[in-house]
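Analysis of the macromolecular model
So the chains spell out like this:
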Amino acid sequence: MAKILEDISRTFAEYLLIPRLTRRDQHIDAIDLSAPLSREGVQGQEKLSMNIPIVSACMQAVSGTDLAVALARQGGLSMIFCSQSIESQVDMVKKVKAHKAGFVTSGANIKPDASLRSVLELMNASGHSTIPVTTDGSPHGNFVGLITDQDFWEFEDNLDNLVQAHMTAKADVIYGEEGITLREANQLLHRHKKDCLPILSLEGRLSALVFKKDYVDHQMHPLEILDDNKRLRVGAAINTHDYQDRVPALIEAGADVLCFDSSDGFTEFQMDGVAWIREQFGPDIVIGGGNVVSAEGFDYLAMSGLVDFIKVGIGGGSICITREQKGVGRGQASALLEVAARRDAYFEETGVYVPLCSDGGLANDTQIVMALAMGADFVMMGRYFAMTEESPTSKISINGQMYKPYWGEGTLRAQNWQRYSEGMSSRKMVFEEGVDAFVPLVGTVAEVLETTLHKLKSTMMNLGADNLSSFKEQAVITLVSEQSIVEAGTSNVFKFSRNRDADESDWGN
Ligand code: MZP
């Protein structure tokens, strides 16, 4: 006969945190929100972490290039979706990696004998106002000068004039030599009051450009996560069907993290995939596994010693109907509490700490806080990011309010059959496990995260926690009765107007 668990399957909304001692020496600005992505305690393996405990979901309506850039700049990580061709996913990863580096390969260049008209066209098409001039017009050609939008007047100068007549020639350009550090390049920009510094090889070829605006930008985003080459970090989703082709291409493109996108990761198919990647690419590449909802599922993935982090959650996603369709899943709080308890025991037994990601179903900021208190090292969210300006969908107006489309990977629209068909030969979606919906547009990634992270830190102050690991240790959590949920809202008062901030931080709930 089937085994019936005694515990009820519970959600985050059924719990509250009990305050602990807030110390006089605590300060909200000093709270550390960094979160590990890779296993800790494994000898010789390089550690990877984020500066905030948040990743965006492996979903078409969520993790595109713009969102990945915006989130990495705030200290989190996006998992570029894999329900697309390998070529287009690789292209997205490359775009994020190319977004900003101290040394940028020049994307718009021109020959000295080109006309001002073509410079203008190039400036309009590329959005750049400084164009390097090289003998053959290539990004690494022989450097002869720079032309900017200050060097000619569109309505005053003859646009048939040649670039060489208007450009600042190399002899008058301040440039750096290949091999200088980014710091030295920025110092040159500062000393000479320039906005752009060409870097030239000994032979005089253009190697890269360094911009003042990138320096300023970096100062404004102190938490951004960068790789060793000062490029933004980005994750990429993978599946158990085409990893032998997809993974090498993603690694070649510069993906920092690989994340299995599967509704159920407690499978031999996923284990085969992880083992193959480790065999081909060694211990350094960070691999996320899952999703699981039980200690048994955690053990299967963790004990292999092959996965870095494990995602927890089945059926809780805002657009998910897996529980209705198949009767599979578990309340997210119960799943997380059981898996986190097992992870902690595993740490005691082996000295290896496996980070957990609570994936899906986070309906508001309070639930993010609760997931982190209950043992998640970071959270993965879809809806939260689908509602931002940077999600890859177009906004639409419905009855005067701006919305964005948001659909599950288990819909006919997404056609992500790989996520749901472990071990099945069919290459189509036989039934849907997700819905196609709209969510309100709430602002930019930076704006929504500011509120969320401030609330998180504020709760951490209540618990006397200085970082996320002490937050988990300090957390004392109580189950609440239905009546106490009613009491938690406003009671016995008339509300005349709704506060806009409250609306936004509820994300349209
Ligand atoms: P949410 O943040 O919108 O509540 O949930 C996002 C999570 O739902 C994803 O990270 C993924 O695990 C899951 N998901 C994505 N598509 C579906 C579906 O179509 C789904 N059923 O459950």
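Just above sits the structure.
Attention here is on the structure that accompanies the text. (Residues numbered from 1 in each chain as written. Predicted model: local features only at pLDDT ≥ 70, side-chain atom pairs only at ≥ 80, totals over all residues.)

The next point concerns the overall build of the protein chain. When you go through the protein chain residue by residue, the secondary structure sums to 18 helices and 21 strands. Against the 2.2 N^0.38 benchmark of 23 Å for 509 residues, the protein chain shows a C-alpha radius of gyration of 26 Å, consistent with a compact globule. With the C-alpha coordinates aligned to their principal axes, the bounding extent of the protein chain is approximately 85 × 60 × 50 Å. Within the protein chain, contacts between residues separated by at least 24 positions form 64% of all contacts whose residues are at least 6 apart in sequence. (Helix = DSSP H or I, 4+ residues; strand = E, 2+ residues; numbered from the N terminus. Rg over C-alpha atoms; globule rule 2.2 N^0.38 Å. Contact = placed C-beta atoms within 7 Å.)

What follows is about the site of the ligand. Taken together, 22 residues are adjacent to the ligand, and Gly317, Gly382, Gly408, Gly410 and Gly434 come closest. Residues that form the shell around the ligand fall into these classes: eight nonpolar, 10 polar and four charged. (Near = placed C-beta within 6 Å. Nonpolar A, V, L, I, M, F, W, Y, C, P; charged D, E, K, R; others polar.)

Core analysis: the biggest nonpolar cluster contains 102 residues, and Val93, Val234, Ala236, Leu258, Ile310, Ala371 and Val379 have the highest contact counts within it. Sequence-distant contacts of Val93, that is, excluding residues within four places in its chain, are made with Ile80, Val234, Ala236, Leu250, Ala253, Gly254 and Ala255. The next biggest cluster of nonpolar side chains, apart from the first, holds 12 residues, and it includes Leu116, Val119, Ile131 and Met167. (Core = buried A, V, L, I, M, F, W, Y, C linked by C-beta atoms within 7 Å. Buried ≥ 20, exposed ≤ 12 C-beta atoms within 10 Å, placed from the backbone.)

Of all the five residues making up strand E6 (residues 130-134), four are buried; the element is thus mostly covered by neighbouring parts of the structure. Where E6 and strand E7 (residues 143-148) come together, five bridges link them in antiparallel fashion. Across the sheet, the residue bridging to Thr130 is Thr148, located in E7. (Pairing = 2+ DSSP bridges.)

Further remarks concern the sheet that holds strand E14 (residues 286-292). Neighbouring strands of a sheet are bound in pairs by backbone hydrogen bonds; such pairs are parallel or else antiparallel. The strand order around the closed barrel built from eight strands is E4-E5-E12-E13-E14-E15-E16-E17, with neighbouring strands paired in parallel fashion. Recorded for the sheet is a direction-independent mean angle of 25 degrees between the axes of neighbouring strands. Across the sheet, helix H8 (residues 268-281) is in contact with strand E13 (257-260) and E14; its angle to E14 comes to roughly 175 degrees. (Axes fitted to C-alpha atoms, helices over the stretch in contact; angles between N-to-C directions.)

Their axes nearest at 9 Å, the elements helix H2 (residues 86-98) and helix H7 (residues 243-253) cross at an angle of 20 degrees. Between H2 and H7, the angle is such that the two are roughly parallel. Considering the relative orientation of H2 and H7, their crossing is right-handed. For the pair H2 and H7, contact is made by Ile86, Gln89, Val90, Val93 and Lys94 and by Asp245, Arg246, Ala249, Leu250 and Ala253, respectively. Of the residues that constitute the contact of H2 with H7, the class distribution is six nonpolar, one polar and three charged. (Parallel < 35°, antiparallel > 145°, perpendicular 65-115°, else oblique. Left-handed = near helix turned anticlockwise from the far one by under 90°.)

Our focus in this paragraph is the packing of helix H12 (residues 365-373) against helix H15 (residues 445-462). The contact between H12 and H15 brings their axes to 9 Å, and the two run at 50 degrees. Overall, the two elements H12 and H15 adopt an arrangement that is oblique. Where H12 crosses over H15, the handedness of that crossing is right-handed. Between H12 and H15, the contacting residues are Asp365, Ile368 and Val369 on the first element and Thr451, Thr452, Lys455, Leu456 and Thr459 on the second. Looking at the contact of H12 with H15 residue by residue, the class counts come to three nonpolar, three polar and two charged.

Here strand E11 (residues 206-211) lies mainly inside the structure; six of its six residues are buried. Sheet topology places strand E10 (residues 196-200) next to E11; five bridges connect them, and they run antiparallel. Note on E11: the bridge partner recorded for Ile199 is Ala208. Taking the residues that link successive antiparallel strands as the turn, the E10-E11 hairpin has five residues, and the phi of Gly204 there is positive, at about 90 degrees.

Turning our attention to H8. Relative to the 20 Å expected for 14 residues at 1.5 Å per residue, H8 spans 20 Å between its end C-alpha atoms, a close match to the ideal helical length. Looking at the packing, one finds that the buried side of H8 touches H7, E13 and E14. Looking one or two residues beyond H8, the residue adopting positive phi is Gly282, at roughly 75 degrees. (Expected span 1.5 Å × (residues − 1).)

For the bond from Gly290 to Asn291, the omega torsion is 10 degrees, close enough to zero to count as cis. Within the secondary structure, Asn291 sits in strand E14. A positive phi is found at Lys193, a non-glycine position, where the angle reads about 55 degrees. For Lys193, the location among the structural elements is in the loop between helix H5 (182-191) and E10. Note on Lys193: 8 C-beta atoms within 10 Å, which makes it exposed. The phi torsion at Asn399 lies on the positive side, around 50 degrees, for a residue other than glycine.

To continue, consider helix H9 (residues 295-302). Three or more residues of H9 are buried, namely Gly297, Phe298, Tyr300, Leu301 and Ala302. Packing partners of the buried residues in H9 comprise E14, strand E15 (309-312) and helix H11 (332-350).

Our focus in this paragraph is the sheet that holds strand E8 (residues 168-169). Taken together, the three strands give an open sheet; going across it, the order is E6-E7-E8, and neighbouring strands pair in antiparallel fashion. This sheet does not close on itself; its edge strands, each paired only once, are E6 and E8.

In short, geometric facts, not functional conclusions.
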